[in-house]
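Geometric and topological summary
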Amino acid sequence: QVQLVESGGGLVQAGGSLRLSCAASGRTFSSAAMGWFRQAPGKERDFVAFISWSGGSTYYADSVKGRFTISRDNAKNTVYLQMNSLKPEDTAVYSCARYRGYRNYDARVEMYDSWGQGTQVTVSS
């Protein structure tokens with residue numbers, strides 16, 4: 001079992017940057033692909049980014065492509081989400097989760113488990 005704890009959220013002006021971290025406990029972390037998702041008030045949880053277990057493959061939602069970068073450090077059991085050029089519509093609770101499937105890429109929420117508690121990101125205009 002993996003336990004995930006997100007951090008790094010906060011309040012930032014439009015155009016600014018934040019780096020989110022997702023710290024994992026458990027020996028299965030380095031063998032698992034991971035994902036970042038976000039949920040704005042009154043909306044469904046949306047896929048943001050995916051990274052393979054090795055970090056060699058990454059995929060992004062169209063809305064964040066070119067602005068966000070997902071990475072991981074398996075030695076530190078941590079996944080990161082670097083967010084640049086933030087927009088007010090990026091405001092949401094961001095959560096990381098472990099992928100439990102076998103595809104090269106997957107944006108389906110139901111294919112992830114071990115969700116963290118989330119970290120709030122607020123972008124002011």
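Parameters at a glance
- Residues numbered from 1 in each chain as written.
- Predicted model: local features only at pLDDT ≥ 70, side-chain atom pairs only at ≥ 80, totals over all residues.
- Heavy atoms only, no water.
- Helix = DSSP H or I, 4+ residues; strand = E, 2+ residues; numbered from the N terminus.
- Buried < 20%, exposed > 50% of the residue type's maximum accessible area, 1.4 Å probe, protein only.
- Polar contact = N/O pair within 3.5 Å; in protein donor to acceptor, adjacent residues only side chain to side chain.
- Contact = heavy atoms within 4.5 Å.
- Pairing = 2+ DSSP bridges.
- Salt bridge = Lys/Arg side-chain N within 4 Å of Asp/Glu carboxyl O.
- Core = buried A, V, L, I, M, F, W, Y, C linked by side-chain atoms within 4.5 Å.

1. Examining the side chain of Thr119
Among the structural elements, Thr119 can be located in strand 11 (residues 119–124). Take Thr119: its relative accessible area is 10%, and that puts it in the buried class. Engagement of the side chain of Thr119 in a polar contact is seen with the backbone nitrogen of Gly9, the distance being 3.1 Å. Excluding its chain neighbours within four sequence positions, the residues that come into contact with Thr119 are Glu6, Ser7, Gly8, Gly9, Leu20, Ala92, Val93 and Tyr94.

2. A closer look at the environment of Lys76
One can find Lys76 in the loop between strand 7 (68–73) and strand 8 (78–83). We classify Lys76 as exposed; its relative accessible area is 57%. Along the primary structure Lys76 and Ser30 are separated by 46 residues, whereas in three dimensions their C-alpha atoms are 9.5 Å apart.

3. With respect to the pairing of strand 11
Here strand 11 shows one buried face, formed by Thr119, Val121 and Val123, and one open face, formed by Gln120, Thr122 and Ser124. Alignment of strand 2 (residues 10–13) against strand 11, held across four bridges, turns out to be parallel. Paired with Val12 across the strands is Val123, a residue of strand 11. Here three bridges tie strand 9 (residues 92–99) to strand 11, and the two strands are oriented antiparallel to one another. Across the sheet, residue Val93 finds its bridge partner in strand 11, namely Gln120.

4. Details of the pattern of salt bridges
For the structure shown, the criterion picks out five salt bridges. Close ionic contact of Arg98 with Asp113 constitutes a salt bridge, the shortest N to O distance being 3.0 Å. Note that Arg98 is positioned in strand 9 and Asp113 in strand 10 (residues 112–113), a separation of 15 residues in sequence. A relative accessible area of 15% places Arg98 in the buried class. In this structure, the salt-bridge partner of Asp106 is Arg108, at a minimum N-O distance of 2.8 Å. In this structure Asp106 comes out as buried when scored by relative accessible area, which is 2%. Salt bridges linked by common partners bring Arg38, Arg67 and Asp90 together as one network.

5. What to know about the nonpolar core
One broad rule of soluble globular proteins: the nonpolar side chains tend to lie buried together. If you look at the biggest cluster of nonpolar residues, it comprises 36 residues, and the most contacted ones within it are Trp36, Leu81, Met83 and Tyr94. For this core, the secondary-structure elements that each account for two or more residues are strand 3 (18–25), strand 4 (34–39), strand 5 (46–51), strand 7, strand 8, strand 9 and strand 11. Excluding residues within four positions of it along the chain, Met83 makes contact with Gly16, Ser17, Leu18, Leu20, Arg67, Phe68, Tyr94 and Val121.

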